[in-house]
Every structure is written in C-alpha cells, then in structure tokens.
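# An overview of the molecular structure
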Amino acid sequence: MWDLFLCLLPSLLLVLVTILRRWNWIRRLADRCMWIMACRLLKLQCFPVSESTEECQAEVKLICKPTALASHLKKHCYNLTQPPLARWPHADPHLQIITDLMWPTNEGAEPQGGVRFTRDNLLLKDGGIVALDWAVSLTDQQGQAKRDHHPGGKFLGLHTSNPAIVVIIPNALGRVTPHLLRLCYRTLQQGFYPVVFHRRGHGGCPLTTPHYQEFGNTSDFVQAIAYLRSHHPSSTLLAVSEGSGSGLLLSYLGECGSSSYLTAAACISPVFHGQLWFEYELPWLYHWIALIYRKFQINRYATALSSVMDVAKILHCNSLRDMEELIFCAPKQSDQRMTDSMDNVGKNSSRLSVKPDWLSYWERNEPLRDADEVAVPVLCLCSRDDPLLPPLSTIPEALFHNSPYFLLALTEQGGHCGFKHKDGHVGTSSWSHSAVLEYFRVVADFFRVEEKKGFRDVIEHCGSQCLKHSTSAVLSRKRTTLLRKERPILGSRKRQISTPSDAFTCEEEQEDFTWKRSYTR
C-alpha cells in the first residue's frame, strides 16, 4: 500500500498545487516567496513592496528653491503630487529592471515597440558619425488616432503649429531599452516629435573614428542640437535622459549655459556623480550584464581600436571602472587624442591637455562640474529603491535648495527608470513619462505667461506711442542675456528642511527671483 502511495505522491502534489493556485492570494503568495528566494540566491537586495495600492502611503517630495516656477508646478503639475502606486510584482525594482532595461530589443531604426523610426546620420567635424532616430508614426491605429487629436506637442509650439521636439538620450551604454521605446511611444502619442540621439558607435551607429566619446564630452551633442535648431527653427526643443545618459545632458546644460537651445530638460533616475557611480559596487548580476554588453561593443571594432588602445586588456577587464579607465585614460589613448587635437587648436581648449589619470578624467567629465552655469529648468526624478544608483545620501540636495533651475522629485518606489503606476484602464503605465511630459507643458505655459507679463510691463511703462520701439528693445534684451547671466551662488543660502506633512518641500514665501528666457529663441 505504501508503495502505491509513494507512486501517486507526485501526481497528488501536482493536483494539490493546481487547486491551490486557483485562489489568487495563494498564487501571489507562492510567487512572492519564490521571487524572494531567487533574489537571495542572486544576492539582490529585497525591497518592501505593498500587496495593494491602498496600503501605499507614499508621497512625492519636490526639493527645490522656492521660486515662481516651483509654485506654478505645484499648482498645475498634477503628476508631481500623485506618486507612482503599483503593487507587487509590477512595483518590484528588480523586475522593473528586467522588463524595462534588460529585455531584448533590436538596434537600428526598424519599427519596434509600436513605433516606426527613420534615421538621420550626421557627419561631424572630425569625421565621426552620430545618429538621430526620429519616431515618425505609431504602428497601431488606436495610438495613432489618439496622437492626431492630442494637443500636447502643438501646444508647446508657442505661437506656431510645429510640434515640440523632444531629444531623448539613452543610457551611457547606448542600448535602446524597452523603457526608451515606451517613452518614444508616449511622447509621440501626446503630439510631440521625439528623436533619439545615438552617440558614435552606439545604437547601430557606425564608428568611423578610432575612439568613443567620454562620459561627459558634449562636442557631438552640441553639433546635433545645432543641426536640429537650424532645420527646425520654429520648434521648441526639449530634452530628457534615461539613467546614466544624464551625464551627457547635465554636462551640456552646464557647458552651454544660457546659450543652450533647450527650453526645459528632465532626467529620469540620473547619475549626479560619474566617478562615484563607476566606483560604486553595483549588484553583481547587473554589473556583469553591463560589462558583457560593453565588451561586445568594443570587440565589434577591435581591429580599428587596437591602434589607440589595448583592446585585449580591455576585453579581459572585470569591472566597468577599469574598462572606462583603460579606454579613456590609458597613455596610448591619450597620445592619439593629443595628436588629433593638434588639428583643432583653439577649439575646446579645455580638453587639449589630456592626462592619463583617472581623477583628471573626471575633472572634465563630471555631470555637475558646471552646474552653476545651468540656465534651463531641469527636473530630476529619483526613487528611494533604485538598486543601480549610490545611496540617497549622495544626492546633492544643496544644489536643488540653492539653484532656481534644478528641481528634484523624490518618490518612495520606482526602481531605476521604472516608476510603474497602476492605471485602472490599461493596467500599468510609467508615471515618469506622464510626469515629464506634463512638466514640459507646464513649464512652457509658465514661460509664455511670463513673456506676456514682461511685454505688458513694457507697454505700460513706455506707452502705446513707442510700441514698435519697445518690441525691438525686448527682442534685443533677450539676445543680450546670452552674453551676461547672473550665476546663482550655490551653497550661500540656508538649506531647507523637508517636512513630511507637505509633499513639496518648497517654502510658501517666495524669494526675489525673476525668470528670464535667457536661452536663444
């Protein structure tokens, strides 16, 4: 009898598991236990995630300097008052990384993620090539119909029918992720005109020069923005970065200052300190996958790169930090860069004195090295449960308290670039996408109102008889601000303390600060 029972035991267990899984709560509990065990085996940190959205008592903390723009965002940006709420498994940061950043996608401009792309290859001054992938249409008819009737992008055209252009910067590895594709889809659906910027050698873009771009080198991006400005002079330019791609965007805003052509910018899960991020010990699984992907990129052009760097040694690296140092700080690479730079004397002189040193490399590539020169509103979205970034204590909160151009939205959950939010109609959506696009519209509306106020003040001061003269004076004044801009002094103000009772940590009283459209129009 016992022999018969032992023979039937596997079948009985299978039937029992099948019956139990019909109860949803038992199935969720079993799946949750299995996922926790898998995380422990993979040595991944387990973050507490609520089983229902009702149990979540999260909030969005907006850390910023109290200005007129901050008050306007508090009143009109709905998504910055509603945190991303999703239950397990959608809210788990590791599952978000797998589905949003690691899931396989195709390189190039072929249709993917519900979006059709067309590619422009730009020839740079040094013979290099960067790519601009334009999201031109949606593959599904329902999404295309919503796009045709959405006023978002045309509203940002500011007195024109041309939709606003949103420049999307991928992560530092240059990989086209599902998260980026969904951002393109959402941006295009709301009437904007998204374009993805690919660095040389990234995203299927050919590497025609024997070197990659440094982490914070903006020379290629400056030429790409100038190309967009010259070919679309009537369109508003916006920019958003994904993850470590913020190193390029923040560097560009700091180096160009008031001369940047952007109206507003946003960074999703940004890297504020590049050196710290490379030296930070990432979870071994994500570090290993990123390392393998980077080695595939190098190995693709191993023959051409072998003349300027030790490719064999690079391919045997065991860390992203060592690989970055060997690619950009090795003496062989420095000698080649010094030789190439002799043909461009007088241009970008700050990068001519290249030293094979890790510290000097980050002196010219840290994202916030010129933060006090930024003259464009920048919204940064960060999460407390981000496993790919250093601890929250490394966030430069003093910058957000003292600079009128930087705003930080801090959430309890969201992972790295995930920010899943439960939507009663379509399941889950990305809260960060909705927040960024709404932020762009609110900022454009704020600037338009400020321009009307300034123009009205000129009319009241000079009278209607000098209207024509006043108009030319306003335009001339806007152009001259490119040459002179008051630099906000960081660290000179008393640091603000955030209170849990208010999701926005801005003080109610407003300091004297006048917003000026100091960038080129």
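My aim in this report is to walk through the structure given alongside it, one point at a time. These figures come from a predicted structure and were not determined experimentally.

Further remarks concern the overall build of the chain. Check the secondary structure of the chain and you find 19 helices and eleven strands. Expressed as a percentage of the 521 residues in the chain, the buried residues total 51%. A separation threshold of at least 6 residues defines the contact pool for the chain, and within that pool the share at least 24 residues apart is 79%. Carbon and sulfur atoms form 57% of the exposed surface of the chain, whose accessible area is close to 25100 Å².

To continue, consider the sheet that holds strand β9 (residues 406-411). Strand order in this open sheet of nine strands is β1-β9-β8-β7-β6-β4-β5-β3-β2, and the pairing throughout is mixed. Two strands bound the open sheet, and with one partner strand each, they are β1 (61-64) and β2 (115-123). Across the sheet, the mean angle separating the axes of adjacent strands is 20° when strand polarity is ignored. In this structure, β2 lies alongside strand β3 (residues 129-138), joined through nine bridges in antiparallel fashion. Counterpart to D120 in the pairing with β3 is L132.

Turning our attention to the environment of K61. Along the chain, the position of K61 falls in strand β1. A residue is classified by how much of its surface remains accessible, and K61, at 17% relative accessible area, is buried. Separated by 350 residues in the primary sequence, K61 and T411 have C-alpha atoms spaced 6.7 Å apart.

Turning to the pattern of salt bridges, a few remarks are in order. Following the criterion strictly, the structure yields eleven salt bridges and no others. When the shortest N-O distance is used, the salt bridge between K420 and D100 registers 3.4 Å. Here K420, found in strand β10 (residues 420-423), pairs with D100, found in helix α4 (residues 93-102); they are 320 residues apart in sequence, far enough to count as distant. Owing to a relative accessible area of 14%, K420 belongs among the buried residues under this scheme. On the basis of relative accessibility, which here comes to 2%, the residue D100 falls in the buried class. Here R384 ties to E412 by a salt bridge, and the two come within 3.1 Å at their closest N and O atoms. Of the two residues, R384 sits in the loop between β8 (378-383) and α17 (397-402) while E412 sits in the loop between β9 and β10, which places them 28 residues apart along the sequence. Given the relative accessible area of 35%, R384 is considered partly exposed. Under the relative-accessibility criterion, E412 is labelled partly exposed at 36%. Within this structure, D100, R182 and K420 form a network of salt bridges that share partners.

Further remarks concern helix α9 (residues 246-256). The buried fraction of α9 is high, at nine of eleven residues. For α9, every residue scored as buried is listed here: S246, G247, L248, L249, L250, S251, Y252, L253 and G254. Just downstream of α9 lies G257, where phi reads positive at about 60°.

With that settled, consider unusual backbone geometry. Positioned with a positive phi, K43 is a non-glycine residue whose angle comes to about 60°. The topology assignment puts K43 in the loop between α2 (24-41) and β1. For K43, a relative accessible area of 67% gives the class exposed. Even without a glycine there, the phi angle at F419 is positive, about 50°. Within the fold, F419 resides in the loop between β9 and β10.

Further remarks concern the nonpolar core. L73, I168, V240, L379, L381, Y439 and F440 are the most contacted members of the largest nonpolar core, which has 54 residues in total. Not counting residues within four places of it along the chain, the set of residues in contact with L379 comprises L62, L80, A265, A266, C267, L407, A409 and Y439. With 41 residues, the next largest nonpolar core counts F197, A239, L262 and A371 among its residues.

With that settled, consider the packing of helix α11 (residues 284-300) against helix α14 (residues 320-328). The N-to-C vectors of α11 and α14 enclose an angle of 25°; their axes lie 10 Å apart at closest approach. Taken as axis vectors, α11 and α14 run roughly parallel relative to one another. Residues H287, A290, L291, R294, K295 and I298 of α11 touch α14, and the partners they reach there are L320, M323, I327 and F328. Its residues assigned to classes, the contact of α11 with α14 shows seven nonpolar, one polar and two charged.

Before going further, it helps to spend a moment on the pairing of strand β7 (residues 262-268). Every regular strand shows the same layout, with side chains that alternate between the two sheet faces. By the criterion of burial, β7 is predominantly enclosed, with seven of the seven residues buried. Bridge analysis of strand β6 (residues 237-242) against β7 gives six bridges, and the strand direction is parallel. What sits directly across from E242, in β7, is I268. Of the crossover connections in this fold, the one passing from β6 over α9 to the parallel β7 is right-handed. Summarising the sheet, β7 and β8 pair through four bridges and their orientation is parallel.

Evaluated as defined, the whole model comprises three cavities of 30 Å³ or more. In this structure, the largest cavity spans a volume of roughly 220 Å³. Contributing elements (two or more residues each) for the lining of the largest cavity: α10 (274-279) and α14. For the lining of the largest cavity, the element with the highest residue contribution is α14, accounting for four residues. Grouping the constituent residues of the lining of the largest cavity by class yields nine nonpolar, two polar and five charged.

Evaluated as defined, the whole model comprises 18 aromatic pairs. Seen from their ring centres, Y361 and W362 are 5.0 Å apart, and the 80° between their planes marks the pair as edge-to-face. The same class applies to Y361 and to W362, which are both buried. Where F446 meets F447, the ring centres are 5.9 Å apart and the plane angle is 55°; that geometry is what we call tilted. Side by side, F446 and F447 carry an identical accessibility label, which is buried. Between the NZ or CZ atom of R294 and the centre of the ring of Y212, over which it lies, the distance is 5.0 Å. R321 extends its terminal NZ or CZ atom over the ring of W358, reaching a point 4.4 Å from the ring centre.

Conventions adopted
- Residues numbered from 1 in each chain as written.
- Predicted model: local features only at pLDDT ≥ 70, side-chain atom pairs only at ≥ 80, totals over all residues.
- Heavy atoms only, no water.
- Helix = DSSP H or I, 4+ residues; strand = E, 2+ residues; numbered from the N terminus.
- Buried < 20%, exposed > 50% of the residue type's maximum accessible area, 1.4 Å probe, protein only.
- Contact = heavy atoms within 4.5 Å.
- Areas by Shrake-Rupley, 256 points an atom, 1.4 Å probe, with all protein chains shown as cover.
- Pairing = 2+ DSSP bridges.
- Axes fitted to C-alpha atoms, helices over the stretch in contact; angles between N-to-C directions.
- Salt bridge = Lys/Arg side-chain N within 4 Å of Asp/Glu carboxyl O.
- Core = buried A, V, L, I, M, F, W, Y, C linked by side-chain atoms within 4.5 Å.
- Parallel < 35°, antiparallel > 145°, perpendicular 65-115°, else oblique.
- Nonpolar A, V, L, I, M, F, W, Y, C, P; charged D, E, K, R; others polar.
- Right-handed = clockwise from strand over helix to strand, strands pointing away.
- 1 Å grid on protein atoms, 1.4 Å probe; cavity = no way out; pocket = protein on both sides within 12 Å on 5 of 7 lines; lining within 4 Å.
- Points joined across faces, edges and corners; volume = space filled by probe spheres on them.
- Phe/Tyr/Trp six-rings, centres within 6.5 Å; stacked < 30°, edge-to-face > 60°.
- Lys NZ or Arg CZ within 6 Å of the ring centre and 35° of its normal.

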